[in-house]
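So you can see what is in the structure, the chains are spelled out below.
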Amino acid sequence: MSRKKVTILTLKEKREKGEPITMLTAYDYPTGLLVDQAGIDILLVGDSLAMVVLGHENTVSVTMDEMLHHCKAVARGAKTPLLVGDMPFMSYQVDVKEAIHNAGRFLKEGGMDVVKLEGGVEVAPTVRAIVDAGIPVMGHIGLTPQTISKLGGFRVQGKDVAAARALIESAQALEQAGAFALILEAIPSPVAQLITRRVSIPTIGIGAGPHCNGQVLVMHDMIGLFDRFVPKFVKQYTNIFPLVLQALTAYRDEVITGSFPGPEHGYPLSDEAVEALLKELGQDVSGEDAGG
Ligand code: KIV
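Let me begin by describing the structure that accompanies this report. (Residues numbered from 1 in each chain as written. Predicted model: local features only at pLDDT ≥ 70, side-chain atom pairs only at ≥ 80, totals over all residues. Heavy atoms only, no water.)

A closer look at the nonpolar core
In terms of nonpolar packing, the biggest core is built from 60 residues, with F106, I130, L184 and I195 touching the most fellow members. Once residues within four sequence positions are removed from consideration, I195 is found in contact with I141, L167, I168, A171, L184, I187 and T203. Core analysis: the next-biggest nonpolar cluster, separate from the first, contains 16 residues, I42, V114, F180 and I183 among them. (Core = buried A, V, L, I, M, F, W, Y, C linked by side-chain atoms within 4.5 Å. Buried < 20%, exposed > 50% of the residue type's maximum accessible area, 1.4 Å probe, protein only. Contact = heavy atoms within 4.5 Å.)

Let's talk about the packing of helix α5 (residues 96-108) against helix α6 (residues 124-132)
Remark: α5 packs on α6, axes separated minimally by 9 Å, with the N-to-C direction vectors making an angle of 50°. On the basis of the axis angle, α5 is oblique to α6. Of the two elements, α5 crosses α6, and the hand of that crossing is right-handed. Contact with α5, carried on its side by V96, A99, I100 and A103, involves T126, A129 and I130 of α6 and no other residues of that element. (Axes fitted to C-alpha atoms, helices over the stretch in contact; angles between N-to-C directions. Helix = DSSP H or I, 4+ residues; strand = E, 2+ residues; numbered from the N terminus. Parallel < 35°, antiparallel > 145°, perpendicular 65-115°, else oblique. Left-handed = near helix turned anticlockwise from the far one by under 90°.)

Looking at the sheet that holds strand β7 (residues 203-206)
In space, the 8 strands of this closed barrel follow the order β1-β2-β3-β4-β5-β6-β7-β8, with parallel pairing throughout. Neighbour-to-neighbour, the strand axes of the sheet open up by a mean angle of 25°, direction not taken into account. Direction of pairing for strand β4 (residues 114-116) relative to strand β5 (residues 137-142): parallel, over a ladder of 2 bridges. Across the sheet, the residue bridging to V115 is V137, located in β5. (Pairing = 2+ DSSP bridges.)

Details of the site of the ligand
Surrounding the ligand, one finds T25, L44, G46, D47, S48, D86, K116, H140, E185, I206 and V218. For the ligand, an oxygen atom lies 3.0 Å from a polar atom in the side chain of D47. D86 has a polar side-chain atom sitting 3.1 Å from an oxygen atom of the ligand. Burial of the ligand by the protein chains amounts to 96% of its free accessible area of 260 Å². Grouping the constituent residues of the shell around the ligand by class yields 3 nonpolar, 4 polar and 4 charged. (Near = heavy atom within 4 Å. Polar contact = N/O pair within 3.5 Å; in protein donor to acceptor, adjacent residues only side chain to side chain. Areas by Shrake-Rupley, 256 points an atom, 1.4 Å probe, with all protein chains shown as cover. Nonpolar A, V, L, I, M, F, W, Y, C, P; charged D, E, K, R; others polar.)

So, helix α1 (residues 8-17)
Buried within α1 are the following residues: L11, K14 and R15. All buried residues of α1 lie within an arc of 100° about the axis, which places them on one face of the element. What points out from α1, more than 90 degrees from its buried face, is the exposed set L9, E16 and K17. On its buried side, α1 packs onto β1 (21-25), β2 (42-45), β3 (82-86) and α9 (189-198). One side-chain oxygen at the N-terminal end of α1 lies 3.1 Å from the backbone nitrogen of L9; it belongs to T7. Looking one or two residues past α1, G18 carries a phi angle of roughly 75°, positive in sign. (Arc of directions from axis to C-beta.)

Next comes the structure, spelled out in structure tokens:
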């Protein structure tokens, strides 16, 4: 059954009706297809691709061009979810004009519907400018991986009263700036619940407990395709790394022993045609030179 394209209005309605919103990352054509076919509402081409697809230590080094390359592939596979392009580090911090220009590239070149950027009160004017240019923006507060050097590593945020208050103020500033939804990453559940009550836009949690309006996970974490670590907040629904490895080693073994390819994987030629061909080449059926 074909589903209706998810828009920012669909998400608003879901929040109003109390229907949970689902979101996952994808980075290329096949993962885009999978997210679409799983009936997920929002697909994020996250800058997490720097780590889980490109093998970098963190998300800081990924570029606009790399992000757009992956967005284009995802957009060819995923037609129904709302497509979110993740603005990479330093594509929106330097100046507002550049931020609008780069946000526009995600829609014009990358085939995305909206963009996401990290930060709180300090990025609110940039969010306002991008929204005023006609591009919907999703905010992202709490653990913001682009600034892990400043945060001192991948760690839970908002653990004391002052930090929790700052998160609430950031959420409200982003809503006022026109953000249509917020990612809340790695913050205590009661803080996420308070934020969700105090804003009227959908909140999507990752390591933020069950009281958000929706949940997001990084696909490669939840299917076991990232080798380095599994964050505490991830549930692994499958672990495909050993399965794929088993298939690859079985293939290697069968090529070495000669059991692959079998006759069913090849293209036959009739005996008459083989005979005629050998005759023409001056060879007998065994492939030896005839009459030599
Ligand atoms: O880049 C990403 O995958 C993200 C998610 C963790 C929300 O920002």
